[in-house]
Amino acid sequence: TTELMDNYIACFAHVLSDSFYPVLPRAIGVGSAFEGWSPREQDVVYRVLIPMTPPRGHSFHLELDSAGQRHVRNFRVRVQLECTCSREQQADKMLCFLHHPEEELRSNQDPSLLDTLCTDSYLDVHKTARWLYQVVRAVWPALPQSHSWHLKLLPSTRSCQIQVTNGTESFRIEMLLGVQRDDSHIFVSSQPREAYTPSTTWPETYAVAETEFFKHIARQAPPDSLHLKCLQFFTRLQLGFGFSTYTTKTIVMHLLNVEPVSSWRRRDLLLRLVDISESLRLCVQAKRLNHFIVGNWRLPGDIRLPRDVQMDKRNNLFHHLAQQSAAHRQAISEYQVM
């Protein structure tokens, strides 16, 4: 998957070099498949986040959408035209979108990003995903993988999902688009977080920061560390119950952040499984599970957060249990059965 995405990004750079579409740097592998603990190996999705940077003559400005839910941080990406008059004498001979007549721009230059992938000056997720689909399909024949693999495009409105097969093996890949927040490991991405997400809404994602945390643990872990096996075991165990895989992942990340990584060896397997189970019980009982990234001051120093994410109040992933007594009783019952 990594090799395929690197080949794609190289082709994107060539095909889009003179356009006014977003610039696409190297894709970042995120989620369970790249962290090493997929609960269902038979139907794993390899999820990658493709950062976007603005093309020439444009800039991106992230605006927090205060109308969203209290426990969800949504953004909009405002696209603004920038003056390029000072660069006109350079080799690219680009016309300034702000200071050249519209007729001259229409006849001599491709349309701006505002005219192609935006709605009301904001980057539109649906339009951007459709554009990515078109580029992925167009450059596929130029990739070395196209000689022995078959490409199938899968339906999606907020990402580009593909399946590549060669007769014996099959891989499903989801390409999410994102914009980085400052120089941090936090992005806003095209992945929806609610049943209906408006097309100009880009939810904040912590997936890159979480993947960086697992890399940090891997650098310190002994060769026989079973922290990923413990996480994989519990996410498989809770399939069919009301607890999400993200709940178990959050609990394990909290434990990894406070327990010495040397205490996750093979000989400690039973103790660590009991720790995870007991942590889940206590969180259900207290109706509280703190988000691992937001408001966490105990993260490793190499994980970079925007100040507002680090300073924010700890998000309670179990806030629905505190609000709904029936949901709390159900969670207690399901924990006891599990």
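Residues numbered from 1 in each chain as written. Predicted model: local features only at pLDDT ≥ 70, side-chain atom pairs only at ≥ 80, totals over all residues. Heavy atoms only, no water.

## A few points about helix H4 (residues 125–139)
Phase 1: Taking 1.5 Å per residue as the helical rise, H4 with its 15 residues ought to reach 21 Å, and the 21 Å between its terminal C-alpha atoms agrees with that figure.
Phase 2: Those residues of H4 not exposed but buried are Val 125, Thr 128, Ala 129, Trp 131, Leu 132, Tyr 133, Val 135, Val 136 and Val 139.
Phase 3: If you check the start of H4, you find a side-chain oxygen 2.9 Å away from the backbone N of His 126, and it comes from Asp 124. (Helix = DSSP H or I, 4+ residues; strand = E, 2+ residues; numbered from the N terminus. Expected span 1.5 Å × (residues − 1). Buried < 20%, exposed > 50% of the residue type's maximum accessible area, 1.4 Å probe, protein only. Polar contact = N/O pair within 3.5 Å; in protein donor to acceptor, adjacent residues only side chain to side chain.)

## A short note on the packing of helix H6 (residues 227–237) against helix H8 (residues 269–286)
Phase 1: Orientation of H6 relative to H8, taken along the N-to-C sense of each, is 50°, at an axis distance of 10 Å. In terms of their interaxial angle, H6 and H8 are classed as oblique. Considering how the two elements wind past one another, H6 and H8 form a crossing that is right-handed. Residue-level inspection shows Cys 230, Phe 233 and Phe 234 of H6 in contact with H8, the latter providing Leu 269, Arg 272, Leu 273, Ile 276 and Ser 277. (Axes fitted to C-alpha atoms, helices over the stretch in contact; angles between N-to-C directions. Parallel < 35°, antiparallel > 145°, perpendicular 65-115°, else oblique. Left-handed = near helix turned anticlockwise from the far one by under 90°. Contact = heavy atoms within 4.5 Å.)

## Focus: the pairing of strand E7 (residues 150–154)
Phase 1: Pairing of E7 with strand E8 (residues 160–165), which is carried by five bridges, proceeds in the antiparallel orientation. From the neighbouring strand, Leu 154 faces E8, where its bridge partner is Gln 161.
Phase 2: Hairpin connection between E7 and E8: a loop of five residues separates the two successive antiparallel strands. (Pairing = 2+ DSSP bridges.)

## What about the domain arrangement of the protein chain?
Phase 1: Partitioning the protein chain into domains gives domain 1 (1–206) and domain 2 (221–337).
Phase 2: Measuring from the centre of the C-alpha atoms in domain 1 to the corresponding centre in domain 2 gives 31 Å.
Phase 3: Opposite the 17 residues of domain 1 that make contact, domain 2 presents 22 residues.
Phase 4: Taken together, both faces of the contact between domain 1 and domain 2 bury some 1,800 Å²; the carbon and sulfur share is 55%.
Phase 5: At the surface where domain 1 touches domain 2, the tally comes to five salt bridges.
Phase 6: Put simply, Arg 73 and Asp 312 hold a salt bridge, and the shortest N to O gap is 3.5 Å.
Phase 7: In this structure, the connection of domain 1 to domain 2 is made through eight residue pairs in polar contact (both at pLDDT 80 or more). (Domains from an automatic or database assignment. Buried area = accessible area lost by both parts, 1.4 Å probe. Salt bridge = Lys/Arg side-chain N within 4 Å of Asp/Glu carboxyl O.)

## Quick look at the pattern of salt bridges
Phase 1: Taken as a whole and assessed by the stated rule, the structure comprises 17 salt bridges.
Phase 2: As a salt-bridge pair, Asp 6 and Arg 26 come within 2.9 Å of each other at their nearest N and O atoms. Here the residue Asp 6 occupies a position in helix H1 (residues 2–15), and Arg 26 occupies one in the loop between H1 and strand E1 (28–30), the gap between them amounting to 20 residues.
Phase 3: Residue classification places Asp 6 among the partly exposed positions, given a relative accessible area of 27%.
Phase 4: Judged by relative accessible area, which is 52%, Arg 26 ranks as exposed.

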